[in-house]
Amino acid sequence: MTASPQPYDELVFLPLGGSGEIGMNFNAYGYGPPEDRKWIVVDCGVLFGRETKEPGVDLIMPDIRFLAEQRENVLGIIATHAHEDHIGAIPHLWPMLKCPIYATHFTAFLIEGKLEEAGLSGRVRPHHVSLGAKFSLGPFDIEMISITHSIPEPNALAIRTPLGVICHTGDWKIDPEPLVGKVTDVNALKRLGEEGVLATVCDSTNALVSGESGSEAKVREALTALIGTLKGRVAVTAFASNVARLDTVAKAAKQNGRRVALVGRAMHKITDAARKAGYLRDFPALLSEEEAAGLPPSKVLYLATGSQGEPRAALARLADNNHPYVSLTKGDAVIFSSRVIPGNDLAIHELHNKLSLLGVEVLSADDHFVHVSGHPCRDELAEMYRWTRPQIAIPVHGEPRHMAEHARLARSLQVPQAIVPANGQLIRLAPGRAAVIDEVPSGRILLDGRILMEEGGGLARHRRALSFAGLIAITIVLDAKGRPATDPAIVIEGIPEPIHDAIRDALDEPLKRHNPKRDGDGHELKESLRRAARRAADAAWGKKPVTRVEIVHL
Ligand SMILES: [Zn+2]
């Protein structure tokens, strides 16, 4: 049982990622007097960089310096499930916190894989916690409550403190037949409601969608029927982490007399983790890609990564016809058993078109029932509020519009207070008067190649400028008297050939005007060459390239 609160103790909620965006979830709860709070972290996820906005950036994660600076007070990271936007930043950010990690078995296996890849497995191993189990971290008593989502072993958290109980839902939906793993522990959630919940901190992804998200079991029926209508090779693409969906596809294939081959590294990684955690016991035997290639088209089904149009994933290679063993052709079909993540629309669209050009039929959720969302729609959200009956609703895991609509829904369900948080806001939780009491440093950290760096250093802007209008690099050698010793050396990259001469010719004038007596160090010359080159490109082409001038003194 939790101790009674001390006079200056406060319970606070601090989102550092995932509020105002879908991705890089990172939520912290603090307890204690303001100058000496103990913290727990719930989830530590990434967001994927977008080529158009952050060219060259692979991953984006929250800036957690506020907690890193007091890491002795951070008691642990608890992961709610194994999606990348919940655990993907652990190998990158754990070294700043160096605290214990807690997760259910399946999630823990995947975290272990990440830690191993990062060379950290000798330093930290996640604690495996069973669904339904309870453990304590300082003033926080934590219970892992089984819930359903689109990956095995997702859990909500009951976080009990001397100042109240929090229900942190994680990502969830209500699926009466999730096919893999347990159903939602409705009794545990109702018990929490009876005990009295101070705040329910809840997934907002589908707050704009009415009704219910639908069950995995219905997708199984529909996919089995759909595959039965197809004659040629079939490739199905789905999120590898959706183990129930992989199981569905494999069983639908078997029912239709097809053998399955996995295509893409993530498919193997997830099925391995699922087997370790005790799932997929009756998964049909798999073929290798090479073996599958020898079967008649009507006997084979490929389960492939790349549903989001990722350029290096299996499906993109099939669409480009450059996979060593698998090829698709006229009469074959690809089923997209997945949703379109906002921002990936164009890449997916292009993939559909490439497949169509090959003569491959494209079937997707646009016109077939081949996918259900893993997030709660409005009827399910209402159910969660009926079960947990919180004093305060805190929508997280959403873009601003999702969170605002979620807050409106909660108020309409008679939740006394709904508060829409922003990353970096420190929110004190107290019955009926939750309030933002402070703002802490927050923001984004970018993983660029192997380097982590703060956002906003101008790098993305610079790369976009280079990709938009190319580069001119000019080098001038000046002798001891400040006179040009040779013709300028010019390197031009990413600029149309017909413009090159105009750029070269434009340098004559500033060189002619260069006065070594007045400008011996070449300072003015440098600037006038830069301007002349850019002006010439602009006049001939309508674009101003990034231009660099280097003065070398003999
Ligand atoms: Zn998720």
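Conventions and cut-offs
Residues numbered from 1 in each chain as written. Predicted model: local features only at pLDDT ≥ 70, side-chain atom pairs only at ≥ 80, totals over all residues. Heavy atoms only, no water. Salt bridge = Lys/Arg side-chain N within 4 Å of Asp/Glu carboxyl O. Helix = DSSP H or I, 4+ residues; strand = E, 2+ residues; numbered from the N terminus. Buried < 20%, exposed > 50% of the residue type's maximum accessible area, 1.4 Å probe, protein only. Pairing = 2+ DSSP bridges.

> With reference to specific residues and values, describe the pattern of salt bridges.
Under the defined criterion, the tally for this structure stands at 25 salt bridges. With a shortest N-O distance of 3.2 Å, aspartate 247 and arginine 220 are connected by a salt bridge. Taken as a pair, aspartate 247 in helix α7 (residues 243–255) and arginine 220 in helix α6 (residues 216–228) lie far apart in primary sequence, 27 residues in all. With relative accessibility at 18%, the residue arginine 220 sits in the buried group. Put simply, lysine 354 and aspartate 320 hold a salt bridge, and the shortest N to O gap is 2.9 Å. Residue lysine 354 is located in helix α11 (residues 345–357), and its partner aspartate 320 is located in the loop between α10 (314–319) and β18 (333–336); the two are separated by 34 residues in the primary sequence. Among the residues examined, aspartate 320 registers a relative accessible area of 41% and is labelled partly exposed. Bridged by salt links that share partners, the residues Arg220, Asp247, Lys251 and Asp282 form one connected network.

> Quick rundown of the pairing of strand β15 (residues 259–263)? Include the residues and the values.
Along any regular strand, the residues point their side chains to alternate faces of the sheet. For β15, the tally of buried residues reaches four of five residues, placing the bulk of the element in the interior. Bridging between β15 and strand β17 (residues 300–304) involves five bridges; their strand directions are parallel. Counted as the bridge partner of valine 263 is alanine 304 from β17. As paired elements, β15 and strand β16 (residues 286–287) share two bridges and run parallel to each other.

> Outline the pairing of strand β14 (residues 234–237), supporting the account with residue identities and numerical values.
Across the two faces of β14 the burial is the same, with Val234 and Val236 and Ala235 and Thr237 all buried. Pairing of β14 with β17 involves four bridges; the strand directions are parallel. Following the sheet pairing, valine 234 is matched in β17 by leucine 301. The pairing of β14 with β18 spans four bridges and is classified as parallel. Counterpart to threonine 237 in the pairing with β18 is phenylalanine 336.

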